[in-house]
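Structural description and commentary
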Amino acid sequence: MTARVLGDRPPVAGGRDVDVPGAGIRLRATRWMGTGPPLLLLHGLASQRHFWDLVVPSLVGRPIVALDQRGHGDSEQPDDGYDFATVMQDALTALDALGLSRVVVVGHSWGAMTALSLAARHPERVLAVVSVDGGVATARDNPRTPDEMRRHMEPPRIEVPPADVPRLLRDGKESWWSAAAESAVLPLFGVDGDGLARPRLRRDNHMRIVEAILTEYVAADAIAALRVPAWLLVAEAMTPGSELEADWIEAKRALLARLPQLNPAVRVVRVTGAVHDVPLQWPALVAGVIHAAVDELSADPRQEGTR
């Protein structure tokens, strides 16, 4: 059991932490009040809601909810429910509890898969969707076998003194890493009773999510099914020496080439210099895309009165 959270701190920019119900579990979220279409922010695999801390200050003034998805951050961590249907129901149940009927849903990585799935399957609850380098390619688009993918997506075994965590986080990212980025991702780790820092998402649950990604999510199907405004922010920088990342980039490019046939209304922002964690690298860019998605709604009178 985690004794304390590494880097735990209050919400940025005047947000308020709240407990909300999910599909049979308790979830944790941070909420910022404001006006206009509400935003739901969904983090990626093995992350947590503070991942958005660098983006949120540029969004303040709008209603925002940053959610710890099940198993992550300060939300409960059951042994099941990591399939996409349940994770989507978590989000819908949380929105009901917060009194939010329709939202602009923004997701990063695995969270983008959840966001695109939510928009495709529950358009009555989604005003628009913004995918931040996620949901644009799937395992079947990758040349590697499913077993190879599982091995490559296994989490690293990290059991280190807390003082060593910052060095691990910035390794390979020195050209753009910052103290603010470090602060946003430190809560990924908890310090246990033995004094060692470990990822808060358990390894078995991490792999349950990997299995859902490999067997359930089909990018082309989700994107083709969209009937709400959609923005895809696609990062194309590669970590040196990462063959798996190169495969993913090629898979993303292949799907983007098919967009005119799949869904020509989808907006695409391709950033060749952006790494996968672009909300940490260039938060203002991510906020700008989110603002563009929201501003596009303001011209549509059918969206008036949404809360």
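In the block above lies the structure referred to throughout.
What comes next is a walk through the structure. The shown structure was predicted, so the numbers you read here are calculated from the model rather than taken from an experiment.

Digging into the nonpolar core
The biggest cluster of nonpolar side chains holds 55 residues, and the ones touching the most others in it are V20, L40, L67, V105, V129, L226 and L232. Among the elements that take part in this core, helix α1 (residues 84–98) stands out by supplying 8 residues, more than any other. The residues touching L67, leaving out its near neighbours within four places in the chain, are V20, L27, R28, A29, L40, L41, L42, H43, R49, A91 and A94. Judged by nonpolar contacts, the second largest core, of 49 residues, contains V12, W32, L39 and W52.

Side note on the sheet that holds strand β4 (residues 39–42)
Strand pairing in a sheet is mediated by backbone hydrogen bonds. Such pairs are either parallel or antiparallel. Taken together, the 8 strands give an open sheet; going across it, the order is β2-β3-β5-β4-β6-β7-β10-β11, and neighbouring strands pair in mixed fashion. Looking at the sheet topology across the chains shown, the edges are occupied by β2 (16–21) and β11 (267–271). This sheet shows a mean twist of 20° between the axes of neighbouring strands, independent of strand direction. Note that strand β3 (residues 26–32) and strand β5 (residues 64–68) share 5 bridges and pair antiparallel. Note that in β5 the partner of R31 across the bridge is V65. Along the sheet, α1 makes contact with β2, β3, β4, β5 and β6 (103–108), crossing β2 at roughly 115°. Lying on the sheet, helix α11 (residues 283–298) is in contact with β4, β6, β7 (126–132), β10 (230–235) and β11; it crosses β10 at an angle near 165°.

Things to note about the pattern of salt bridges
If you walk through the whole model with that rule in mind, you get 25 salt bridges. In this structure, R198 and E159 form a salt bridge, with 3.0 Å as the shortest nitrogen-oxygen distance. With R198 in strand β9 (residues 197–199) and E159 in the loop between α3 (146–153) and α4 (165–170), this residue pair connects regions lying 39 residues apart in the sequence. For E159, a relative accessible area of 53% puts it in the exposed group. For R267, the salt bridge goes to E296, with nearest N and O atoms at 2.3 Å. With a gap of 29 residues between them, R267 in strand β11 and E296 in helix α11 connect regions that are remote in the sequence. What makes E296 partly exposed here is its relative accessible area of 26%. Residues participating in the shared-partner salt-bridge network are D17, R49, D68, D74 and R200.

As for the environment of V12
Along the chain, V12 falls in the loop between β1 (2–5) and β2. Between the C-alpha atoms of V12 and T30, which are 18 residues apart in sequence, the distance is 9.3 Å. Once residues within four sequence positions are removed from consideration, V12 is found in contact with W32, D53 and V56.

Things to note about the pairing of β2
Looking at chain direction, β2 and β3 are connected through 6 bridges and run antiparallel. Counted as the bridge partner of P21 is R26 from β3. Taking the residues between adjacent antiparallel strands as the criterion, β2 and β3 are bridged by 4 residues, where G24 takes a positive phi near 85°.

Topic: the packing of α3 against helix α6 (residues 203–215)
Running from N to C, α3 and α6 point in directions that differ by 145°, and their axes come no closer than 10 Å. Read as a crossing pair, α3 and α6 show a hand that is right-handed. In this structure, α3 uses P146, M149, R150 and M153 to contact α6, whose residues at the interface are H206, M207, V210, E211, I213, L214 and T215. The class makeup of the residues in the contact of α3 with α6 is 7 nonpolar, 2 polar and 2 charged.

Details of the side chain of E236
With respect to the secondary-structure elements, E236 resides in the loop between β10 and α8 (243–257). Judged by relative accessible area, E236 falls into the buried class, the value being 11%. Side-chain polar atoms of E236 contact the side chain of R270, separated by 2.8 Å. Here E236 is in contact with I249, R253, R270, V271, T272 and A274, once residues within four sequence places are set aside.

Considering the packing of α1 against helix α2 (residues 110–121)
At a closest axis distance of 10 Å, the pairing of α1 and α2 adopts a crossing angle of 80°. As the angle between them shows, α1 and α2 are arranged roughly perpendicular. Listed contacts from α2 to F84, V87, M88, A91 and L92 of α1 are W110, M113, T114, S117, L118 and R121.

Here is what the cut-offs are and how they apply
- Residues numbered from 1 in each chain as written.
- Predicted model: local features only at pLDDT ≥ 70, side-chain atom pairs only at ≥ 80, totals over all residues.
- Heavy atoms only, no water.
- Core = buried A, V, L, I, M, F, W, Y, C linked by side-chain atoms within 4.5 Å.
- Buried < 20%, exposed > 50% of the residue type's maximum accessible area, 1.4 Å probe, protein only.
- Helix = DSSP H or I, 4+ residues; strand = E, 2+ residues; numbered from the N terminus.
- Contact = heavy atoms within 4.5 Å.
- Pairing = 2+ DSSP bridges.
- Axes fitted to C-alpha atoms, helices over the stretch in contact; angles between N-to-C directions.
- Salt bridge = Lys/Arg side-chain N within 4 Å of Asp/Glu carboxyl O.
- Left-handed = near helix turned anticlockwise from the far one by under 90°.
- Nonpolar A, V, L, I, M, F, W, Y, C, P; charged D, E, K, R; others polar.
- Polar contact = N/O pair within 3.5 Å; in protein donor to acceptor, adjacent residues only side chain to side chain.
- Parallel < 35°, antiparallel > 145°, perpendicular 65-115°, else oblique.

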